[in-house]
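Working through the structure, step by step
Each chain, letter by letter, is given below.
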Amino acid sequence: MEKNIEITNKAIAAFREILDKRGISYDLNQNDGNMIRFRTQLPNYEGVTPYVIIHYNEENGALSLALTGIATFTQGGPDLYKLVNDFNADPANFACKMFLEPEGHVDVLTNAIIKKDDVCDLIEEYLKINILATDKYYGQIADIIAK
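One structure accompanies this document, and this report is about it. Here the structure is a predicted model, which means the values were calculated and not measured.

Let us now look at the nonpolar core. Judged by nonpolar contacts, the single largest core of 40 residues is most densely connected at Phe15, Phe38, Ile54, Ile114, Ile123 and Leu127. Per-element tally for this core: the top contributor is helix 3 (residues 119-146), with eleven residues. When neighbours within four sequence positions are excluded, Ile54 is seen to be in contact with Ile12, Phe15, Asn34, Met35, Ile36, Phe38, Leu63, Ser64, Leu65 and Ile123.

Here's what the structure looks like:
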């Protein structure tokens, strides 16, 4: 991923401006300037800094937003799978789905269709929901993985 790609849609370009103003460094995918990646911090867990990956397709309004590398595990197990099910069933986690990657990573994905003029505001709202939902369950994730 590189920062110097200029071929992005309006929404990603505007989101890049927001990140620049906040002093947050980011990368753009070399093959797709509509995909941006940066690190974020979980509010209640110092040192937990998953990547945020955002892709927005302006033609169809499809937003994909993921928090990746939230935690790393060596073996899943029933407790971790139950927690994923609890997270995915929680109505407070609007549009967020937790996944366990085969490589041993916990990720949270949000997909939405956004057909509005102010896409950046909605991207930020979905990002806040994703971060807060992840933060709410992170302690349980860490406890299960530590066992």
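Relative orientation of the contacting elements helix 2 (residues 78-89) and helix 3 amounts to 170 degrees, with a least axis distance of 10 Å. By the angle between their directions, the pair helix 2 and helix 3 is classed as roughly antiparallel. Along its contact with helix 2, which presents Asp79, Leu80, Leu83, Asp86 and Phe87, the element helix 3 presents Ala133, Thr134, Tyr137, Gln140, Ile141 and Ile144.

As a further point, take the packing of aromatic side chains. Taken as a whole, this structure holds four aromatic pairs when the rule is applied. Sitting over the face of the ring of Tyr51, Arg37 holds its NZ or CZ atom 4.4 Å from the ring centroid. The ring of Tyr51 is capped by Arg39, whose NZ or CZ atom sits 3.8 Å from the centre of that ring.

Right, let's talk about the pattern of salt bridges for a bit. Scanning all chains against the criterion turns up six salt bridges. Linking Arg37 and Asp27 is a salt bridge whose minimum nitrogen-to-oxygen distance equals 3.1 Å. Highlighted residues: Arg37 in strand 2 (residues 32-39) and Asp27 in strand 1 (residues 27-29), separated in sequence by ten residues. With a relative accessible area of 23%, Arg37 lands in the partly exposed category.

Quick notes on the rules
- Residues numbered from 1 in each chain as written.
- Predicted model: local features only at pLDDT ≥ 70, side-chain atom pairs only at ≥ 80, totals over all residues.
- Heavy atoms only, no water.
- Core = buried A, V, L, I, M, F, W, Y, C linked by side-chain atoms within 4.5 Å.
- Buried < 20%, exposed > 50% of the residue type's maximum accessible area, 1.4 Å probe, protein only.
- Helix = DSSP H or I, 4+ residues; strand = E, 2+ residues; numbered from the N terminus.
- Contact = heavy atoms within 4.5 Å.
- Axes fitted to C-alpha atoms, helices over the stretch in contact; angles between N-to-C directions.
- Parallel < 35°, antiparallel > 145°, perpendicular 65-115°, else oblique.
- Phe/Tyr/Trp six-rings, centres within 6.5 Å; stacked < 30°, edge-to-face > 60°.
- Lys NZ or Arg CZ within 6 Å of the ring centre and 35° of its normal.
- Salt bridge = Lys/Arg side-chain N within 4 Å of Asp/Glu carboxyl O.

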